[in-house]
Structure formats: C-alpha cells, structure tokens
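Listed here are the chains, written in short residue letters.
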Amino acid sequence: MPQTLEIRRSSASLWGEKTGMRHLPVVAKYIDTTTCIGCKACEVACQEWNDLGPVPTVQTGTYQTLPNLHPEFWNLIRFNERETDKGFAWLMRKDQCMHCEDPGCLAACPSPGAIVQYANGIVDVNPAQCIGCGYCETGCPFDVPKFHQKTGKMAKCTLCVDRVGVGLEPACIKACPTACLQFGTKDDMVARGRSRVEALKANGFDHAVLYDPPGVGGTGVVTVLAHGDHPEWYGLPRDPRVSPLLRLWKSVLRPLGAVAMLGTLFAAVGHFMYQGPKEPREGA
Amino acid sequence: MSSGAPSSLADPAVLRARRTEDVVVGDEIVRHRLASRVIHWSVALLFFLALFSGLPIWTPVLGWMAHLLGGLNVCRWLHPWAGLLFFLAMAAMFVHWLGDMRLEPPDREWLRPRKMVEYMKHEGDEAEVGKYNGGQKLFFFAVALGAAGLIVSGLVLWFPLSFPRMASELATLLHDLTFILFVVAVVLHVYLGTAAEPGTFHSMVRGTVTRRWARFHHPRWYREVTGERPRHP
Ligand code: HEM
Ligand code: SF4
C-alpha cells in the first residue's frame, strides 16, 4: 500500500483513518467511447504494468477479448453492436473498476482494511487483509471485483495507484493511441467530458451524456456516451447505487441486533438480582 | 460380576443414566441419558464455535474474537464448517427429542403470555407440567426453525458468487435476523438452565435430578416416573 497516499476510508473500520494532512486532488480517468477504436492497447498495457499473466482469450463471436473481467484481467474493452437512431453502430467501452466515490465493495467488505479508498479517490484491494469472502463482488454495482480461485483473494483495477502515487498516469492511459483515454483531476476530466458532450450534441447526438452516476456519489472514471439514453448498450447500469438492503443491515439491523443481544444479557442478570433463583421452599 | 451389590464405587444413578432415562434411582431421578447429553453439548459447543467465528465477520467491534481463533481468515474458513456441523447436530437433536416435545393442551395453556410472566415471577401453577414445560418446547421448535434459516442463508453466503445478487443480499438479512433472535433465545435458555433454576444444569451434566427438583419443576413428569400421587391434587 503506497505510503505516499493517505487513506480516506477503509472497509469495516470503526474510526476513519483520514488525517487530513495531505492535500491530494481527487483524480479521474476520462474515457471517450466515441473515439475508441478498439485496438486493446490499454488491455495489453494493463497486463504488462501489473505483471498479470497472459489470460487465454475466449471467442465470443465479437471483438471482445473475454466475456467478463477476470482476476488476472482488469481492463476489458466491451464490444456491442446496436441499431441506433444514427444507424448501425459498434459500441466500445473500456470496462474496469469505476473507483466510486461511495464504493459498494467497501461498504460490503467485512474485513478491516481489505478495501481502502485513498484521499485521491482511488479504491484499492489489500490482499493481505482480504479474506476471500466474495461480498465485495456482490456489493459492487458494476460487477468489477473478481474472486481468484488460485489465490483465494479478490482482485481488480487499482487505477495504477503505484504509478499515480509517484506522479505518473495509469498504464492504460499512457498506451492509448487516440487520446480517448485521459487522466487528471476529477474536475478537469469532468470539464473535458462536458465539452465533448456539447460537441457531440452539436453534431446531432442529442442523447450524449457524461456518465458519472450520482447514485454512487460519482465515479473516478467518467465516460462519454454518444447514446447516453441507453447506458446498458455499453454494459453500464442505468442507475447504479449501493444496495439499500446492505445499508439496512449495516446501519439498522446491526445496532438493533447488538442492543437486543446485550439487552437480553442484562435482562437475565437483572432478573436474577430481582427475583433470585427458583427453588422449592423448605418442606415443599 | 455378582448381582445385587453395586460392582463399582460410582454413583448408581449416574451409571443408570448412561443408558436409560425417566427412572428413579434412590433419591435421584435420571432425566437425561448420556446420548441426550452428548447431543446437547455437541449442539452447544458447535453453536458457540460458529457464533464466535461469525461475530467478528458481522462487526469489527468484535474483531478481537477473531484473534482468539487465529484471525479473520481462519474465521471465514471455520465459520461455515462449524455452522454446517452445528446444523447436523441440531438435526440429530431434533430427531432425538421430537417425541418428548409434542405440544399438549397444558403446554398451550403455559404459553399464554400471562402464564409466562407468572412463571418468571415464580408465581405460576406448574402442576400439569410434564417432562418439559411449554417454554422449553417452544424453545426446541424455535431453535429448529432458526437452524433451518441459518443453514439456508448460510449456504448462500458461503458461496455468494454462485447465486443471484438479490439472493445473497436477502441471505445476509435472513442470516442476521435469525442469528440475533437465536442468541437472544440462547441467552435466556442458558440463564434458565443455570443460575435461574438450581439443579437444572446438573441434569445436563450428570444426567440426574433430585426428587425435590422434579416435583417442583415438572410435577406431572415426577408423577409419571415415580407413580406417586400428587401431593396437592
Ligand atoms: C452454555 C450453553 C448451554 C447451557 C448451559 C445449556 C443448558 C441446558 C440445560 C441445563 C438443559 C436441560 C433443561 C432441563 O432438563 O429441563 C438444556 C436443554 C436444552 N438445550 Fe441447552 N444449554 C446450552 C446451550 C444450548 C444451545 C446453544 C442450544 C441450541 C439449540 C440448546 C438447546 C437445548 C434444547 C433444545 C434443550 C431441551 C429443551 C429445553 O430444555 O429448553 N442448548 N440446556
Ligand atoms: S466499481 Fe465496484 S469495485 Fe470499483 S470502486 Fe465501485 S464498487 Fe468498488
């Protein structure tokens, strides 16, 4: 875990780790699906930088490398063909961890410090603390973290925290030949995305949007979609949010349960002091 | 071995309690034969093993429990297995005790809220209480139901990635709710089985109770076992 980065939030932790000493801007990736040519340079760069294995490709009848993200494959160009109002289109979107502002994985994780969010917004898994329960995968609205049978741990994109921490841009960004991937502060990336969306609208793509879903507090990956009225065409959920059921048990059921269990214990002790043991009186 | 005189120095009641129950031996009555006690304590041990390995996963406030068992990784491995064994022990207990736990009219009467309050105030009329009172039978069926809820939701949480997301979210809620109610019930059970009613714990350890205990807590059972007529008709 890079010491150059301060931790903002940490899974299953009672007290925040935030010291507020380091002033780090929140960073983001900018992905423009309209200028992605599907060359997969980012996929290769990700494997290279992170020293991940060659993962055998799976033929799905499309230009997509694998059917889904994989514990040793954290960056996947999703490929979809759609009949749109602008005619037939190939839709390509770079899929990886979205580095949510309010990460469902972190909320679901029961192990202290296994998932951390740095002050700059990057969400990272710490394998040393990961107990391999799989709850983050069910908690993530984007279905990103993947359980590795081999290691018994979860793995996902780190937003190249080891590069960002020393002032470099993520490997995928570095490799992109069309500049459809860019990296910078979240504010800059959102501004860039907005102006790109305006340009698309001026060109007749009335439904263009910058995908930065508010249900998870926004994401550390902002994505320009030409057909923003159909995020599912790109394999994106329409309104991702941290499950209300998860919140219900963590913030309501858990304290109520603790009160109920402790309360019963106290009630028993109280009853014993007040009533005493139940025994036959002499001669009964 | 010669018949008649006891062949060992051990308490004859305890010897009888290895195989039989509901028999009078001198001043004592055998209440729980060895098999019953072994099953009961297997259930209890496995329950607490599952509880203490599950609680640190439930909340970091109880993270220290994980250290007692070797860390959270150990807990995550141990908890489902302990839970599975607990369920099997519960199943054995269910079959073993089902015959004794049939709810009868006096038990239904006992279970009326007013009666239960009287019981806790030591003012109840227990004359018709058989081997187990209505509350014990209720506990028996409640924990059976609870164990079923825990195993179903627990299997989903053991392999959350093999089920739809909704299933594992509902399983989390069900597992939580069930275990909380279970702990509440077990705390009351342990209290009533130990401090609240002296002599009861002994029955689950050595198998026997005194005549006095039986006449006081389970009069109808006492009459059945001893053939004695009730003192207060
Ligand atoms: C340290 C923990 C426990 C203690 C001290 C304890 C004690 C006892 C005692 C003394 C009895 C005999 C009651 C009698 O003869 O009338 C009993 C019965 C029983 N125990 Fe436990 N027990 C413990 C844990 C558990 C747990 C975890 C379960 C989980 C299901 C359980 C289930 C039962 C049942 C179903 C009965 C028969 C019905 C009843 O007496 O309520 N016990 N226990
Ligand atoms: S996309 Fe999924 S894995 Fe990434 S931060 Fe959000 S919830 Fe966590």
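As shown above, the structure is provided for reference.
Before going into details, it helps to say that this report is about the structure given with it. (Residues numbered from 1 in each chain as written. Chains lettered and ligands numbered in written order. Predicted model: local features only at pLDDT ≥ 70, side-chain atom pairs only at ≥ 80, totals over all residues. Heavy atoms only, no water.)

**Observations regarding the site of ligand 1**
All names here are of chain B.
Move 1: Taken together, 25 residues form the shell around ligand 1, and within it Arg31, His32, His40, Gln136 and His189 come nearest.
Move 2: Within the side chain of Arg31, one N or O atom sits 2.8 Å away from an oxygen atom of ligand 1.
Move 3: Within the side chain of His40, a nitrogen or oxygen atom sits 2.7 Å from a nitrogen atom of ligand 1.
Move 4: Counting residues per element, the ones that place at least two in the shell around ligand 1 are helix 2 (34-58), helix 4 (72-97), helix 7 (134-158), helix 8 (165-193) and helix 9 (200-205).
Move 5: Of the residues forming the shell around ligand 1, the biggest block, six residues, is contributed by helix 2. (Near = heavy atom within 4 Å. Polar contact = N/O pair within 3.5 Å; in protein donor to acceptor, adjacent residues only side chain to side chain. Helix = DSSP H or I, 4+ residues; strand = E, 2+ residues; numbered from the N terminus.)

**Observations regarding the sheet that holds strand 6 (residues 123-125) of chain A**
Strands belonging to one sheet form pairs held by backbone hydrogen bonds; the direction of such a pair is parallel or antiparallel.
All names here are of chain A.
Move 1: One open sheet accounts for three strands, arranged 1-5-6; its pairing is antiparallel. Taken across any chain shown, the strands that pair with only one partner, and hence form the sheet edges, are strand 1 (7-10) and strand 6. Pairwise comparison of adjacent strand axes, ignoring direction, gives a mean angle of 30° for this sheet.
Move 2: Note: strand 1 against strand 5 (residues 115-118), three bridges, orientation antiparallel. Each bridged residue has a counterpart across the sheet, and for Ser10 the counterpart in strand 5 is Val116. (Pairing = 2+ DSSP bridges. Axes fitted to C-alpha atoms, helices over the stretch in contact; angles between N-to-C directions.)

**Thoughts on the coordination of the iron atom of ligand 1**
All names here are of chain B.
Move 1: Protein-derived ligands of the iron atom of ligand 1 are His40 (NE2) and His189 (NE2), with the metal-ligand distances lying across 1.9 Å.
Move 2: Relative to the metal, the six donor atoms surrounding the iron atom of ligand 1 lie at angles of 85 to 179°, and the coordination shape comes out octahedral. With His40 in helix 2 and His189 in helix 8, this pair connects stretches of sequence that are 149 residues apart.
Move 3: Judged by its relative accessible area of 34%, His189 falls in the partly exposed class. (Donors = N, O, S within 2.8 Å, 3.2 Å for Na, K, Ca; no water. Tetrahedral: all angles 85-135°; square planar, octahedral: opposite > 155°, others 65-115°. Buried < 20%, exposed > 50% of the residue type's maximum accessible area, 1.4 Å probe, protein only.)

**Regarding helix 1 (residues 41-49) of chain A**
Residue and element names in this part refer to chain A.
Move 1: Three or more residues of helix 1 are buried, namely Cys42, Glu43, Ala45, Cys46 and Gln47.
Move 2: Buried residues in helix 1 make contact with strand 3 (76-84), strand 4 (87-95), helix 5 (171-175) and strand 9 (181-185).
Move 3: One or two steps after helix 1, the chain reaches Asp51, where phi turns positive at roughly 55°. (Contact = heavy atoms within 4.5 Å.)

**Focus on the interface of chain A and chain B**
Move 1: At the interface, 45 residues of chain A touch 42 residues of chain B.
Move 2: Across the chain A-chain B interface, the total number found is zero salt bridges.
Move 3: At the boundary of chain A and chain B, one finds eleven residue pairs in polar contact (both at pLDDT 80 or more).
Move 4: Of all the secondary-structure elements, those providing two or more residues to the side of chain A that touches chain B are helix 3 (135-139) and helix 7 (244-275) of chain A.
Move 5: A total of 15 residues in the side of chain A that touches chain B trace back to one element, the largest contributor, which is helix 7 of chain A.
Move 6: Across the side of chain A that touches chain B, the residue classes tally to 25 nonpolar, twelve polar and eight charged. (Salt bridge = Lys/Arg side-chain N within 4 Å of Asp/Glu carboxyl O. Nonpolar A, V, L, I, M, F, W, Y, C, P; charged D, E, K, R; others polar.)

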